[in-house]
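What the coordinates show
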Amino acid sequence: MHRTERLIVDDLLMRKVEEVSYLVAENAALYRPIVRFFHQRYESGETGWLWPGEVAAFVRSSHPHHDSYTDEACEAHLRQLESWRVLVSEHDVNQARTIEEFVRAARRYQISESARMIEEMLIRLTGQQGSRGSLDTTRLHRLREALLELDRLLAGVSPEDATTDTLRALEGAWNAAEDARREIREQAGRYLRELDHDRMPSAADLVVFLQYKRMLRDYLDEFALGLKDFVERTRDLFEDWAAAGTDARLVALLARNERERKGDLRPDEELLAAFEGQLRALRGFSARGGDAEILHGKTTARVRALVEQIERVVTERRNALNRGRDLRLLARAFQRCTPDEAHRLASRAFGWGTPRHTRDYSSSAAPELLEDASVWHQPPWDVELHPRVRGNPSFRAVTALRDASAERAELRARMQEERREEARFWDDLFGAGELALDGLVLRSAGDRSRVVRLVRDCLRSPDRHVRLTDGSRVQILPPSDPAAVAEVAAPDGYLYLRAFRLRRTEVAR
């Protein structure tokens, strides 16, 4: 046994868990309502102690199959639950005056702490049965908005100078990002698991079947595209954080917020390590080979399977094909064949060649084989196995990997310079606060493409607002005259569109 296995498999892991015996016992239909009754009394804030008579009265009034449940049978069941450490009991000795009265005092029962935790788990599992998960792309938007909000809050803020309001806003954005990431994983995993066992419409009704499949394909395809777009956008954001040291400042700010606003007395090293682990999980969601790529692969594989199934059903219907019927007819044909005819039929139907025994490589190992008899009817013989040589036969030497750190640093610097140049462009463009497209003169065709993309994104947004890469927000305003046309000039020509106005409602800090 390996060392890691010795650490995992210990006495506690091998111990029989008596506290869950009532879930699978012979009288589980009685034990489970009794334990749930104790749990409800404990959760309601009342005294958790119950007498056997009270439990028996509850069973008689609430259980549809035990209306004649006796106090004696209830007391026997309570003793059994106590032996499983599901309940604890005590003597009621308040009225006892002698030793005999103390011994004969009745016992009252209460649910144990471990059984209470098991019942809470069962209640949560029962409540989750109705949720089958979903691939809602709005969670991706929520996660991206939370990350952009974190990026905006971290701009120019140091862990020592952050105010209480900044720490509060930072905690809210961080919690929103963590919640969105966890919901995406849980809901998407649950949906894909349920999809494998989904009872889809029968292919007998072709119209309903095709509508169901196409709707499901569009739903999966939309999530896959949204997930791919999200990964490409957020991966660059995390790389910029790592290059600029923003992730370290975020961890320090979260640790300070935990210590000052929440009163966490753990050492600084432990707090920093905890938030660094959470940040790695958040960053790993969008990393190469992370959860997002795994979800994307599963979703696209499901889309391909649905497309193939739709095409197969349509082909079968159009050409009057039936795979089940053909296989049954082929099985009947094999049943009527002789062995030689079966070989020829298999060759025609499946592309198999006639089976032959390949014994040329070791003819001396079995000289007793008969030439005319089938190899399947001859006795077995031993064949010596030789170890297989693995590895790369053309391997010569180990070569060191090329150091690409300088190239990566140059690429990050170039990307940061492009971001700064784009920020300067928007600052110059919105110098007056509000930009009118009519009469706008731009320096290059690339600048015109930036403005056109900004107008497009604003029109697509439900609230007509778009957040730029520098953190600022831009709102598009319709022209006062719906028929007004704006002329945007660039060195290569003019662009005519509606006379929209753009207003920068929030400036990056």
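Here is a short report on the structure shown in this document. (Residues numbered from 1 in each chain as written. Predicted model: local features only at pLDDT ≥ 70, side-chain atom pairs only at ≥ 80, totals over all residues. Heavy atoms only, no water.)

1. Section: the overall build of the protein
To keep it simple, the criterion reads: Only DSSP runs of H or I covering at least 4 residues are called helices, and only runs of E covering at least 2 are called strands; the numbering of each starts at the N terminus. Per-residue accessibility, obtained with a 1.4 Å probe over protein chains only, is compared with the maximum for each type, and a residue is labelled buried under 20%, exposed over 50%, and partly exposed between these values. Throughout, a contact is declared for two residues whenever any of their heavy atoms are within 4.5 Å. Residue burial considers only the protein chains on display, and all accessible areas are found by Shrake-Rupley using a 1.4 Å probe.
Each helix and strand counted, the protein has 17 helices and eight strands in total. The buried share of the protein, taken over its 509 residues, is 32%. Counting contacts in the protein only where the partners sit at least 6 residues apart, residues at least 24 apart contribute 66% of the total. As displayed, the protein offers around 33500 Å² of accessible surface, 52% of which is attributable to carbon and sulfur atoms.

2. A few points about a nonpolar patch on the surface
Here is the rule we go by: Patch building starts from residues that exceed 30% relative accessible area and form no salt bridge, then joins like charges within 9 Å and nonpolar side chains (Val, Leu, Ile, Met, Phe, Trp, Tyr) within 5 Å. Every case where a carboxyl oxygen of Asp or Glu lies within 4 Å of a side-chain nitrogen of Lys or Arg is listed as a salt bridge.
A cluster of nonpolar side chains, contributed by Val-485, Tyr-494 and Tyr-496, occupies part of the molecular surface with about 370 Å² of accessible area. Considering the arrangement of structural elements, one finds Tyr-496 in strand E7 (residues 493-498).

3. Some remarks on the packing of helix H16 (residues 405-429) against helix H17 (residues 445-460)
Test applied: Whenever a helix is involved, its axis is fitted only over the stretch in contact; in every case the axis is a line through C-alpha atoms, and angles between N-to-C directions fall within 0 to 180 degrees. Under this scheme an angle from 65 to 115 degrees is roughly perpendicular, one under 35 degrees roughly parallel, and one over 145 degrees roughly antiparallel; angles in between are oblique. Only Asp, Glu, Lys and Arg are considered charged, only Ala, Val, Leu, Ile, Met, Phe, Trp, Tyr, Cys and Pro nonpolar, and every remaining residue, Gly among them, polar.
Running from amino to carboxyl end, H16 crosses H17 at an angle of 75°, the nearest separation of the two axes being 12 Å. In terms of orientation, H16 lies roughly perpendicular with respect to H17. Only Asp-447, Arg-450, Val-451 and Leu-454 of H17 make contact with H16, whose side of the interface consists of Glu-421, Glu-422, Phe-425, Trp-426 and Leu-429. In terms of residue class, the contact of H16 with H17 is built from five nonpolar, no polar and four charged.

4. Looking at unusual backbone geometry
Apart from glycine, the bulk of residues carry a negative phi angle, and the bulk of peptide bonds sit in the trans form. With a phi close to 65°, Arg-85 is a non-glycine residue in the positive phi region. If you trace the backbone, Arg-85 turns up in the loop between helix H5 (71-83) and strand E1 (87-91). The class of Arg-85 is partly exposed, set by a relative accessible area of 39%.

5. Digging into the nonpolar core
One broad trend across soluble globular proteins is that nonpolar side chains are buried collectively. This is how it is decided: Among the buried residues, those of types Ala, Val, Leu, Ile, Met, Phe, Trp, Tyr and Cys that are joined through side-chain atoms within 4.5 Å form a nonpolar core.
If you look at the biggest cluster of nonpolar residues, it comprises 42 residues, and the most contacted ones within it are Leu-143, Leu-147, Leu-150, Leu-170, Trp-174 and Leu-250. Of all the elements in the fold, those that place two or more residues in this core are helix H8 (138-154), helix H9 (164-196), helix H10 (206-244), helix H11 (246-260), helix H12 (268-286) and helix H13 (291-318). Apart from residues lying up to four places away in sequence, Leu-170 is in contact with Leu-150, Leu-153, Leu-154, Leu-250, Leu-253 and Leu-254. The next biggest cluster of nonpolar side chains, apart from the first, holds 24 residues, and it includes Tyr-22, Tyr-31, Phe-37 and Trp-84.

6. Let's talk about the environment of Leu-495
By secondary structure assignment, the location of Leu-495 is in strand E7. According to the relative accessible area criterion, Leu-495 is partly exposed, its value standing at 28%. Each C-alpha atom of the pair Leu-495 and Leu-440 lies 10.0 Å from the other, and the pair is 55 residues apart in sequence. Filtering out sequence-adjacent residues up to four positions away, Leu-495 remains in contact with Arg-448, Val-452, Ala-486, Glu-487 and Val-488.

7. Details of the packing of helix H4 (residues 52-62) against H5
At their nearest, the axes of H4 and H5 sit 9 Å apart, and the two run at 110° to each other. Taken together, the axes of H4 and H5 are roughly perpendicular relative to one another. Residue-level contacts link Pro-52, Gly-53, Val-55, Ala-56 and Arg-60 of H4 to Asp-71, Cys-74, Glu-75 and Leu-78 of H5. Tallied by class, residues from the contact of H4 with H5 come to five nonpolar, one polar and three charged.

8. Some thoughts on the side chain of Asp-247
For Asp-247, the location among the structural elements is in helix H11. Contact partners of Asp-247, with chain neighbours within four places excluded, come to Trp-241, Ala-242, Leu-279 and Arg-283.

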